[in-house]
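Chain by chain, the residues:
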Amino acid sequence: MARTQKYKRIEKKIASNVHNGFVSSFKAVKLFFVKIFKVFDSKLTVMIVPHSQGKVINIQTNVFALSFGMVLVIGIVFSFFYFNRNAVSSSIEINSLMNQNRETLASLDELRDENANLLQAAKRFQASLSQSLSLLGIDRGNNVSQASVSNSDLSSLFSSRDSVKGSVRETSDIRSLTSYLEDAVQPIEQVGKMLENQSSLFKEIPNIWPVTSPNVHISMMFGPNLHPITGQWYIHKGVDFSTWRQGDPIMATANGQVVTCGYDASFGNYIVIRHKHGMYTRYAHMSAFRVKKGEYVNQGQIIGNIGNTGVTTGPHLHYEVHIGSDVVDPSKYINVKLSK
């Protein structure tokens, strides 16, 4: 019982101390604010005395109003410098953007000039392409739809642009040019195929010199000639190539298959090659063979060497071209002018 009363007295004492401490703290805070308020509420008199004998101006205020005024003035001054700095930065940025805009306009003018030059070049290309296709017998109207041709026709491209202005005009021109070039791809591919076929055809027709030595010359042409041994007129059925020496290489004048590698009393060592389109070539008076019967050879491939076998007056190559059973003038197929 006595212990319980002792605990209650301790509790009351603690509660009283806490209450007294709280009250003391509140009073101290209240006193602090009261003092601050009294300081700020202190009356001040600001006197403005002019240099001349004018009336003295008295302005009565307190510390709070004066402090607030000073803070307001400082805030205005800082705001002025802050916004002025932003204005300067904005001005610099605007000047930079204006310079970039001028450069962009200059680049755009240059682009327009280049675009005009491109369209002029495309117009010349169109004329050349149309002429070339006509010569090759390619009808562009069959390969490109009518709508596509009308859209890609550069003549309409140049005649309907006066009413369009600015960048829209350049964009429209480039789109039309792109459409035209896309439509031109197919005819050009056809030309490429024709050239490829023509290249293959050239390799199948005996159209090159069988001897390429720097000293090569024609010692006897095709047709009527005086026989070098008998001295009588006769029909020479080939072309004689001479280099004044023996052993120079002989080349196949077209792709084909070797059908004969043999010897004849008149032709000496000779080779016959069968080509496409019913054509044959004969190479006579050879000193040696570089191919054998049945072998396929390519145009320009070495098949033997110049010799002096058979009926000859010196080392040379006798070269013939046959179409079927007819002997023809080889100079009609050789793509280089023949001269004696």
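What counts, and where the lines are drawn
- Residues numbered from 1 in each chain as written.
- Predicted model: local features only at pLDDT ≥ 70, side-chain atom pairs only at ≥ 80, totals over all residues.
- Heavy atoms only, no water.
- Helix = DSSP H or I, 4+ residues; strand = E, 2+ residues; numbered from the N terminus.
- Buried < 20%, exposed > 50% of the residue type's maximum accessible area, 1.4 Å probe, protein only.
- Contact = heavy atoms within 4.5 Å.
- Areas by Shrake-Rupley, 256 points an atom, 1.4 Å probe, with all protein chains shown as cover.
- Phe/Tyr/Trp six-rings, centres within 6.5 Å; stacked < 30°, edge-to-face > 60°.
- Pairing = 2+ DSSP bridges.
- Core = buried A, V, L, I, M, F, W, Y, C linked by side-chain atoms within 4.5 Å.
- Salt bridge = Lys/Arg side-chain N within 4 Å of Asp/Glu carboxyl O.
- Patch = residues over 30% accessible without salt bridge, like charges linked within 9 Å, V, L, I, M, F, W, Y side chains within 5 Å.
- pLDDT = per-residue confidence, 0-100.

**Here we look at the overall build of the chain**
- Along the backbone of the chain there are six helices and 14 strands.
- By the burial criterion, 26% of the 340 residues in the chain qualify as buried.
- For the chain, restricting intrachain contacts to residue pairs at least 6 apart in sequence, the fraction spanning at least 24 positions comes to 60%.
- Here the chain displays about 23100 Å² of accessible surface, and carbon together with sulfur accounts for 59% of that area.

**A look at the environment of Leu66**
- Within the secondary structure, Leu66 is located in helix α2 (residues 63–136).
- For the pair Leu66 and Leu44, spaced 22 residues apart in sequence, the C-alpha to C-alpha distance is 8.8 Å.
- Sequence-distant contacts of Leu66, defined by excluding residues within four places in its chain, comprise Leu44 and Thr61.

**Quick look at the packing of aromatic side chains**
- All chains considered together, the criterion is met by six aromatic pairs.
- Ring centres of Phe80 and Phe81 lie 5.7 Å apart, and the angle between their planes is 70 degrees; on these two criteria the pair is classed as edge-to-face.
- Where Phe267 meets Tyr270, the ring centres are 6.1 Å apart and the plane angle is 55 degrees; that geometry is what we call tilted.

**Overview of the side chain of Asn305**
- Looking at the element boundaries, Asn305 is found in strand β12 (residues 302–306).
- Those residues in contact with Asn305, other than ones at most four positions away along the chain, are Gly247, Asp248, Pro249, Ile250, Met286, Ser287, Ala288 and Arg290.

**Some remarks on the pairing of strand β4 (residues 223–226)**
- Taken together, the four bridges between β4 and strand β5 (residues 233–236) define a ladder with antiparallel strand orientation. Across the sheet, Leu226 pairs through a bridge with Trp233, a residue of β5.

**Thoughts on the nonpolar core**
- Residues Phe241, Ile271, Ile273, Tyr283, Ile303 and Leu317 are the most contacted members of the largest nonpolar core, which totals 23 residues.
- Those elements that provide at least two residues to this core are β6 (239–242), β9 (268–274), β10 (279–289), β12 and β13 (317–323).
- In this structure Phe241 touches Trp209, Pro210, Val211, Val216, His217, Ile218, Ser219, His316, Leu317, Tyr319 and Ile334, once residues within four positions along its chain are discounted.
- Residues Leu129, Leu133, Ala184 and Val191 belong to the second largest nonpolar core, which totals five residues.

**Here we look at the pattern of salt bridges**
- Counted under the stated rule, the structure contains three salt bridges.
- Salt-bridge contacts for Arg245 lead to Asp248; the nearest nitrogen and oxygen are separated by 2.9 Å.
- The exposure class assigned to Asp248 is buried, which follows from its relative accessible area of 9%.
- The partner of Glu320 in a salt bridge is Arg282, with the nearest N and O atoms 3.0 Å apart. Of this pair, Glu320 sits in strand β13 while Arg282 is found in strand β10, placing the two residues 38 residues apart along the sequence.

**What about a nonpolar patch on the surface?**
- There is a patch of nonpolar side chains on the surface, built from Leu44, Leu66, Met70, Ile74 and Phe78 and spanning about 480 Å² of accessible area.
- Counting residues per element, the nonpolar patch draws most heavily on α2, which supplies four residues.
- As for its placement among the helices and strands, Leu44 is situated in strand β1 (residues 43–48).

**A closer look at unusual backbone geometry**
- One non-glycine residue with positive phi stands out, namely Trp244, at about 65 degrees.
- Residue placement: Trp244 occurs in the loop between β6 and β7 (249–251).
- Take Trp244: its relative accessible area is 65%, and that puts it in the exposed class.
- Unlike most non-glycine residues, His285 shows phi in positive territory, near 65 degrees.
- Within the secondary structure, His285 is located in strand β10.
- On the accessibility criterion, His285 (5% relative accessible area) is buried.

**Structural notes on the confidence of the model for the chain**
- A residue-level look at the chain finds 85% of positions with pLDDT of 70 or above and a mean pLDDT of 81.
- Low pLDDT (under 50) marks residues 142–164, which in the prediction has 32 contacts with non-local residues, meaning those over four places away or in another chain.
- Here residues 336–340 scores under 50 on pLDDT; set against residues more than four positions off or in separate chains, the count is nine contacts.

**Describing the environment of Thr212**
- Tracing the sequence through the fold places Thr212 in the loop between α6 (166–204) and β3 (217–220).
- Residues Thr212 and Gly300, 88 residues apart in the sequence, show an inter-C-alpha distance of 9.7 Å.

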